[in-house]
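Residue strings, one per chain:
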Amino acid sequence: MIRLTGLVKRYGRFTAVDGIDLEVPRGELFGLLGPNGAGKTTTIRMIAGILRPTAGTVEVGGIDIGTHPLEAKHRMGYIPDRPFVYDKLTGGEFLRFAAALYGQEGPAVERRIDELLELFELTRWKDELTESYSHGMRQKLIISGALVHRPAVIVVDEPMVGLDPKSARLLKDLFRQFVDRGGTVLMSTHTLEIAEQVCDRIAIVYRGKVAAHGTMDEVRRQTASGDMSLEEVFLKLTGGLREHQLDAVLEA
Ligand code: ATP
């Protein structure tokens, strides 16, 4: 379970996240949508405990990350938008390092690492330095690193970027099975089709606030959008296209 209460983040006088209240229960895959600069990454970083909110609270599995950060982080796997790995570690070493951060080591962890590498088709790269990995391979290694300690909650920023169709499908299936077994996933995405296909509920964030949230049908109802596509609902809520500016730029 993830609960955000009155979450605010200000950078100087600029308010990036402006009072977000959201609850994602166990067994749910929740999508955070919104245009560039809406505040999605800032929100996700506050949930992951790497940015301190200006105001409000984040609870992960009922534990306040502000007052009990280690306990909350133990329950969570965080997958950032940019896959950072240490170039001079092999894939296997990186995963061992990730597990050790959660105090886990030994034969059970080695088996878990092998399972994850197998799942993401990285087994034959296990002993290669990550500097030789492609972008997608790094992304899959980071995802494995977030799962290695068996978290109950996954928080993930733009998970499908850089993944080939097979890996993207694998990740969607993995998230679905994870929530079907009682886990919780909160993901941000720009890909409206992905949100429509995989998310149980969504929130559309605009200028740091939740403009609409619920199931796709509920969001359509809230915006009185009839049977509009998610793309049309999204554009309606976030200011639409500037056709006249397009014309001006493209005019010969
Ligand atoms: P995108 O879809 O482009 O990734 P986003 O919804 O994830 O966007 P954020 O990265 O959360 O957006 O940024 C929200 C706003 O906060 C933006 O206007 C951004 O310029 C601002 N912002 C983010 N980080 C900082 C920072 N460290 N200092 C000042 N402003 C920041």
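Residues numbered from 1 in each chain as written. Predicted model: local features only at pLDDT ≥ 70, side-chain atom pairs only at ≥ 80, totals over all residues. Heavy atoms only, no water.

## What to know about the overall build of the protein chain
Item 1. Helix and strand counts for the protein chain stand at 10 helices and 10 strands.
Item 2. Along the longest, intermediate and shortest principal axes, the C-alpha atoms of the protein chain span 60 × 50 × 40 Å.
Item 3. Expressed as a percentage of the 252 residues in the protein chain, the buried residues total 47%.
Item 4. Contacts spanning at least 24 positions in sequence make up 66% of the contacts within the protein chain whose residues lie at least 6 apart.
Item 5. With the model as given, the accessible surface of the protein chain reaches about 13000 Å², and the carbon-plus-sulfur share is 52%. (Helix = DSSP H or I, 4+ residues; strand = E, 2+ residues; numbered from the N terminus. Buried < 20%, exposed > 50% of the residue type's maximum accessible area, 1.4 Å probe, protein only. Contact = heavy atoms within 4.5 Å. Areas by Shrake-Rupley, 256 points an atom, 1.4 Å probe, with all protein chains shown as cover.)

## Overview of the environment of Arg138
Item 1. Note that Arg138 resides in helix H5 (residues 135-147).
Item 2. For the pair Arg138 and Ile20, spaced 118 residues apart in the sequence, the C-alpha separation amounts to 32 Å.
Item 3. The contact partners of Arg138, leaving out residues within four places of it in the chain, are Pro83, Val85, Asp87, Thr130, Glu131 and Tyr133.
Item 4. Of the polar contacts made by the side chain of Arg138, one reaches the backbone oxygen of Thr130; its length is 3.1 Å.
Item 5. At 3.4 Å, the side chain of Arg138 forms a polar contact with the backbone oxygen of Tyr133. (Polar contact = N/O pair within 3.5 Å; in protein donor to acceptor, adjacent residues only side chain to side chain.)

## Comments concerning the site of the ligand
Item 1. Taken together, the residues surrounding the ligand are Tyr11, Phe14, Ala16, Pro35, Asn36, Gly37, Ala38, Gly39, Lys40, Thr41, Thr42 and His190.
Item 2. Between Thr41 and the ligand, the recorded distance is 2.8 Å, taken from a side-chain N or O atom to an oxygen atom.
Item 3. Notes on the ligand: free accessible area 640 Å², of which the protein chains cover 59%.
Item 4. Only strand S2 (14-24) and helix H1 (40-48) provide two or more residues apiece to the shell around the ligand. (Near = heavy atom within 4 Å.)

## Concerning the environment of Gly6
Item 1. One can find Gly6 in strand S1 (residues 2-11).
Item 2. Taking the C-alpha atoms as reference points, Gly6 and His74, separated by 68 residues in sequence, lie 23 Å from one another.
Item 3. Other than its neighbours up to four places away in sequence, Gly6 contacts Gly19, Ile20, Asp21, Ala55 and Gly56.

## Concerning a negative patch on the surface
Item 1. A cluster of acidic residues, Glu193, Asp227, Glu231 and Glu232, forms a negative patch on the protein surface.
Item 2. Tracing the backbone through its elements, the reader meets Glu231 in helix H9 (residues 230-237). (Patch = residues over 30% accessible without salt bridge, like charges linked within 9 Å, V, L, I, M, F, W, Y side chains within 5 Å. Salt bridge = Lys/Arg side-chain N within 4 Å of Asp/Glu carboxyl O. Lys, Arg positive; Asp, Glu negative; His and termini not counted. Charge placed at Lys NZ, Arg CZ, Asp CG, Glu CD.)

## Notes on the sheet that holds strand S5 (residues 63-64)
Item 1. The four strands lie next to each other as S2-S1-S4-S5, forming an open sheet whose pairing is antiparallel. The strands lining the two open edges of the sheet, one partner per strand, are S2 and S5.
Item 2. Sheet topology places strand S4 (residues 55-60) next to S5; two bridges connect them, and they run antiparallel. Of the residues in S5, the one forming a bridge with Glu59 is Asp64.
Item 3. Across the sheet, H1 is in contact with S1, S2 and S4; its angle to S1 comes to roughly 120 degrees. (Pairing = 2+ DSSP bridges. Axes fitted to C-alpha atoms, helices over the stretch in contact; angles between N-to-C directions.)

## Focus: the domain arrangement of the protein chain
Item 1. By domain assignment, the protein chain separates into domain 1 (2-75 + 153-250) and domain 2 (82-151).
Item 2. Distance between the C-alpha centres of domain 1 and domain 2: 26 Å.
Item 3. The interface of domain 1 with domain 2 comprises 16 residues on the first partner and 12 residues on the second.
Item 4. When the two sides are added together, the surface that domain 1 and domain 2 hide from each other amounts to roughly 1100 Å², 63% of it contributed by carbon and sulfur.
Item 5. Ranking the residues of domain 1 by area buried against domain 2 places His74, Leu170 and Leu174 at the top, with a combined share of 34%.
Item 6. Applying the counting criterion to the domain 1 and domain 2 interface returns one salt bridge.
Item 7. Glu121 serves as the salt-bridge partner of Lys166, at 2.8 Å between the closest nitrogen and oxygen.
Item 8. The tally of links between domain 1 and domain 2 comes to four residue pairs in polar contact (both at pLDDT 80 or more).
Item 9. At the level of secondary structure, the elements contributing two or more residues to the side of domain 1 that touches domain 2 comprise helix H2 (69-74), strand S7 (153-157) and helix H6 (165-180).
Item 10. Ranked by residue count, the leading element in the side of domain 1 that touches domain 2 is H6, at six residues.
Item 11. Here the side of domain 1 that touches domain 2 is composed, by residue class, of nine nonpolar, three polar and four charged. (Domains from an automatic or database assignment. Buried area = accessible area lost by both parts, 1.4 Å probe. Nonpolar A, V, L, I, M, F, W, Y, C, P; charged D, E, K, R; others polar.)

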